[in-house]
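This is what each chain is made of:
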Amino acid sequence: MKRSRYFLAFFFLAAAVLLLLIANICIGSVNIPLNEVVSILRGGGEAQVSSDIVLQIRLPRALAAAILGGGLALSGYLLQTFFHNPIAGPFTLGISSGAKLVVALVMVFFLEHALRVSSLVLILAAFIGAMIAMSFVLLMSRVLDQMATLIVSGVMIGYICTAITDFVVTFADDSDIVNLHNWSQGSFSGISWDNVAVMAVVIFLASVCVFLMSKPISAYQLGEAYAQNMGLNIRLFRILLVLLSSVLSACVTAFAGPVSFVGTAVPQLVKNLFRTAKPILMIPASFLGGAVFCLFCDLLARTLFAPTELSISTVTAAFGAPVVIMIMIRRKKEEA
């Protein structure tokens, strides 16, 4: 019975990813029929404009939304495992904002000196920012006993980093402000094939490492004492969780800016769908769930008020924030 449920759940998520990929490629300010998209992907297609829209704009953007959405959800799952709390996530703990701050500083510096900033430099900058923010969160976790207070502290860190980022963007050159502002609000637009290749490699390698940690994560979920008795090096394990979650969230921030609530809401939605907390199932399911969530939200961001495009964080917050509120209410009832 459980296996059938797991199979159906994975089938649903995989089918949703495929359908949303197709929808994101076909639907937009210029609708392109599916048969024409298939022809373009096969190397045909009569209209050059449609071919450019599909191959240079929509397809890399859709793939980026799927890859980065999956990576962000997986990062949130690792943080929730680390802190033993369902509300933890890259956005709620201020980690995404820390990554955003350092990336903004690097981008402004490179743009002012007419230098080309590479994808790897952006990822490295975002990783440094994420680790700085994570360090503050870890320091506060030693002082603050209650997780709710820690979350509030993380939100405050996020606000401080966002305020500094906005200050930096304000004093950037006029020609750079638009791009920096769009990126700082969160967006999958402007993604190139080179960006897709880099993010795919980084997130694939990080995701494989996370999957290989399924058994240690399963032991850690049962308590640190139990995990230690099973021979797990808790200190090394926690360091790996922090590093992998930071790499995943940093890669997302480097290319798309801060994307809110995906890392917090998706793992919980997936857990309710599968009705299990087994890491060997939750890890791939969280990745697929994040891909579905971001593809859906990006489709709405592009088409809801077309030709005006919403920031991706606006849409993800509209769907993700209510999930977080429900988690908090349910948690309060369980404690009562």
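Residues numbered from 1 in each chain as written. Predicted model: local features only at pLDDT ≥ 70, side-chain atom pairs only at ≥ 80, totals over all residues. Heavy atoms only, no water.

Colleague: What should I look at first to understand the nonpolar core in this one?
Modeller: Grouped burial of nonpolar side chains is what soluble globular proteins tend to show. The biggest cluster of nonpolar side chains holds 94 residues, and the ones touching the most others in it are L68 and F83. Per-element accounting of this core gives the leading share, 14 residues, to helix α3 (residues 48-83). Residues in contact with L68, not counting those within four places in the same chain, are F188, M199, I203, C251, V252, F255 and A256. Listed in part, the 8 residues of the second largest apolar core include V37, I40, I53 and L59. (Core = buried A, V, L, I, M, F, W, Y, C linked by side-chain atoms within 4.5 Å. Buried < 20%, exposed > 50% of the residue type's maximum accessible area, 1.4 Å probe, protein only. Helix = DSSP H or I, 4+ residues; strand = E, 2+ residues; numbered from the N terminus. Contact = heavy atoms within 4.5 Å.)

Colleague: Where do I start with the side chain of S246 in this structure?
Modeller: Tracing the chain through its elements places S246 in helix α11 (residues 234-256). What makes S246 buried here is its relative accessible area of 0%.

Colleague: Explain unusual backbone geometry here, please?
Modeller: What is expected of a backbone is that most residues other than glycine have negative phi and most peptide bonds are trans. A positive phi angle, near 70°, is found at F261, a position not held by glycine. Tracing the backbone through its elements, the reader meets F261 in the loop between α11 and α12 (262-274). Owing to a relative accessible area of 17%, F261 belongs among the buried residues under this scheme. You will see that R275, though not glycine, has its phi angle at about 55°, which is positive. Tracing the backbone through its elements, the reader meets R275 in the loop between α12 and α13 (279-303). With relative accessibility at 66%, the residue R275 sits in the exposed group.

Colleague: Would you explain the packing of aromatic side chains in this entry?
Modeller: When we look at a pair of aromatic rings, we describe it by the centre distance and by the angle of the planes. Under the criterion given, the structure shown has 6 aromatic pairs. A ring pair is formed by F82 and F83, whose centres lie 4.8 Å apart and whose planes are at 75°; its orientation type is edge-to-face. By relative accessible area, which is 5% here, F82 ends up buried. Ring geometry for Y220 and F237: centres 4.9 Å apart, planes at 45°, overall tilted. Of the two residues, Y220 is situated in helix α9 (residues 214-221) and F237 in helix α11; the sequence distance between them amounts to 17 residues. (Phe/Tyr/Trp six-rings, centres within 6.5 Å; stacked < 30°, edge-to-face > 60°.)

Colleague: Please explain helix α8 (residues 193-212) as it appears in this structure.
Modeller: Because each turn of an α-helix spans 3.6 residues, side chains separated by three or four positions in sequence point in the same direction. Over its 20 residues, α8 extends 28 Å from the first C-alpha to the last, a length consistent with the 28 Å expected when each residue adds 1.5 Å. Of the positions making up α8, those classed as buried are N195, V196, M199, V202, I203, A206, S207 and V210. Down the axis, α8 shows its buried residues gathered within 145° of arc, on one side only. Of the exposed residues in α8, the ones pointing more than 90 degrees away from its buried face are D194, F204 and L212. Buried residues along α8 sit against α3, α5 (119-143), α9, α11 and α13. (Expected span 1.5 Å × (residues − 1). Arc of directions from axis to C-beta.)

Colleague: Explanation requested: a nonpolar patch on the surface in the structure shown.
Modeller: Side chains of L124, I128, I132, F136 and L139 sit close together on the surface and give an oily, nonpolar patch of about 490 Å² of accessible area. Along the chain, I128 falls in helix α5. (Patch = residues over 30% accessible without salt bridge, like charges linked within 9 Å, V, L, I, M, F, W, Y side chains within 5 Å. Areas by Shrake-Rupley, 256 points an atom, 1.4 Å probe, with all protein chains shown as cover. Salt bridge = Lys/Arg side-chain N within 4 Å of Asp/Glu carboxyl O.)

Colleague: Is there a simple way to explain the environment of I22 in this structure?
Modeller: Secondary-structure assignment places I22 in helix α1 (residues 2-26). For I22, a relative accessible area of 30% gives the class partly exposed. Along the primary structure I22 and L310 are separated by 288 residues, whereas in three dimensions their C-alpha atoms are 20 Å apart.

Colleague: Hey, could you run me through the packing of helix α2 (residues 34-41) against α3 in this one?
Modeller: Each packed pair of helices is defined by two parameters, the angle between the axes and the distance between the axes. Between α2 and α3, the least distance of the axes is 10 Å, while the angle of their chain directions is 80°. Judged by the angle between their axes, α2 and α3 are roughly perpendicular. Residue-level inspection shows E36, V37, I40 and L41 of α2 in contact with α3, the latter providing S50, S51, V54, L55 and L59. A per-class count over the contact of α2 with α3 returns 6 nonpolar, 2 polar and 1 charged. (Axes fitted to C-alpha atoms, helices over the stretch in contact; angles between N-to-C directions. Parallel < 35°, antiparallel > 145°, perpendicular 65-115°, else oblique. Nonpolar A, V, L, I, M, F, W, Y, C, P; charged D, E, K, R; others polar.)

Colleague: What is the right way to look at the confidence of the model for the chain in this model?
Modeller: A low pLDDT means the predicted coordinates there should not be read in detail. Per-residue pLDDT for the chain has a mean of 85; in total, 92% of the residues score no lower than 70. Within the chain, α13 carries the highest mean pLDDT (94), whereas helix α7 (residues 174-185) carries the lowest (62). (pLDDT = per-residue confidence, 0-100.)

Colleague: Explain the pattern of salt bridges to me, please; I cannot follow it from the model alone.
Modeller: Pairing is possible between side chains of opposite charge, provided their charged atoms come close. Considering all chains together, one arrives at 3 salt bridges under this definition. Close ionic contact of R238 with E224 constitutes a salt bridge, the shortest N to O distance being 3.1 Å. Of the two residues, R238 sits in helix α11 while E224 sits in helix α10 (residues 224-229), which places them 14 residues apart along the sequence. Of the residues examined, E224 reaches a relative accessible area of 34% and is grouped as partly exposed. The network of salt bridges with common partners includes R61, D298 and E309.

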